Amino acid sequence: HTYTIRFGINMLMRYYLEDEFKLEYPEKVAAIRSEEYYVNMMRAWYFATALAKQYEAIIPYLEEKRMDTWTHNKT
């Protein structure tokens, strides 16, 4: 369900990176494993946007390499 997963990540990115942000959301996005380009690109887009809006909470995902290499590099 590529586009269902992509939609869910997009909703987290659009509506849950500011006042409604919780640390469990990036954990859930980071835990997703897929071979689908569109899912992985959405994950990278989520983390790039999250980095801009929640820097202190998100930078450990990059510094500690908590994501797969492809998503890490695209972020």
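Criteria and cut-off values
- Residues numbered from 1 in each chain as written.
- Predicted model: local features only at pLDDT ≥ 70, side-chain atom pairs only at ≥ 80, totals over all residues.
- Heavy atoms only, no water.
- Helix = DSSP H or I, 4+ residues; strand = E, 2+ residues; numbered from the N terminus.
- Rg over C-alpha atoms; globule rule 2.2 N^0.38 Å.
- Buried < 20%, exposed > 50% of the residue type's maximum accessible area, 1.4 Å probe, protein only.
- Contact = heavy atoms within 4.5 Å.
- Areas by Shrake-Rupley, 256 points an atom, 1.4 Å probe, with all protein chains shown as cover.
- Polar contact = N/O pair within 3.5 Å; in protein donor to acceptor, adjacent residues only side chain to side chain.
- Arc of directions from axis to C-beta.
- Phe/Tyr/Trp six-rings, centres within 6.5 Å; stacked < 30°, edge-to-face > 60°.

A. Focus on the overall build of the protein. When helices and strands are tallied, the protein shows five helices and zero strands. Seen in sequence order, the protein has helices and strands lined up from the N terminus as α-α-α-α-α. Its C-alpha radius of gyration of 11 Å places the protein within 12% of the 11 Å reference for a compact globule of 75 residues. For the protein, the spread of C-alpha atoms along the three principal axes comes to 30 × 25 × 15 Å. Taken over 75 residues, the protein has a buried fraction of 39%. Taking the intrachain contacts of the protein between residues at least 6 apart in sequence as the baseline, contacts between residues at least 24 apart amount to 63%. A total accessible area of about 5,000 Å² is found for the protein, and carbon and sulfur atoms account for 51% of it.

B. Spatial organisation of the environment of Tyr25. Looking at the element boundaries, Tyr25 is found in helix α2 (residues 24–31). Judged by relative accessible area, Tyr25 falls into the buried class, the value being 13%. The residues touching Tyr25, leaving out its near neighbours within four places in the chain, are Leu12, Tyr16, Glu20 and Tyr46.

C. A look at the side chain of Thr71. Relative to the helices and strands, Thr71 resides in helix α5 (residues 69–74). Among the polar contacts listed, one links the side chain of Thr71 to the side chain of Arg43, at a separation of 3.1 Å. Those residues within four positions of Thr71 in sequence are excluded, and the remaining contacts are Asn40, Arg43 and Ala44.

D. Local environment of α2. Turning to α2, its buried residues number three or more, namely Tyr25, Pro26, Val29 and Ala30. Here the buried residues of α2 occupy an arc of 130° about the axis, which is enough to place them on one side. Turned more than 90 degrees off the buried face of α2, the exposed positions are Lys28 and Ala31. On its buried face, α2 sits against α1 (2–15), α3 (37–53) and α4 (55–63).

E. Inspection of the environment of Tyr38 at higher detail. Here Tyr38 lies in helix α3. Excluding anything up to four places from it in sequence, Tyr38 contacts Thr2, Tyr3 and Arg6.

F. The arrangement of the packing of aromatic side chains in detail. In total, this model carries six aromatic pairs according to the counting rule given. Seen in terms of ring centroids, Tyr37 and Trp70 are 5.9 Å apart; in terms of plane orientation they differ by 75°. Their pairing is edge-to-face. A residue pair is termed long-range when its members are at least 10 positions apart, and Tyr37 in helix α3 and Trp70 in helix α5 qualify at 33 residues. On the basis of relative accessible area, Tyr37 is assigned to the partly exposed category, the value being 46%.

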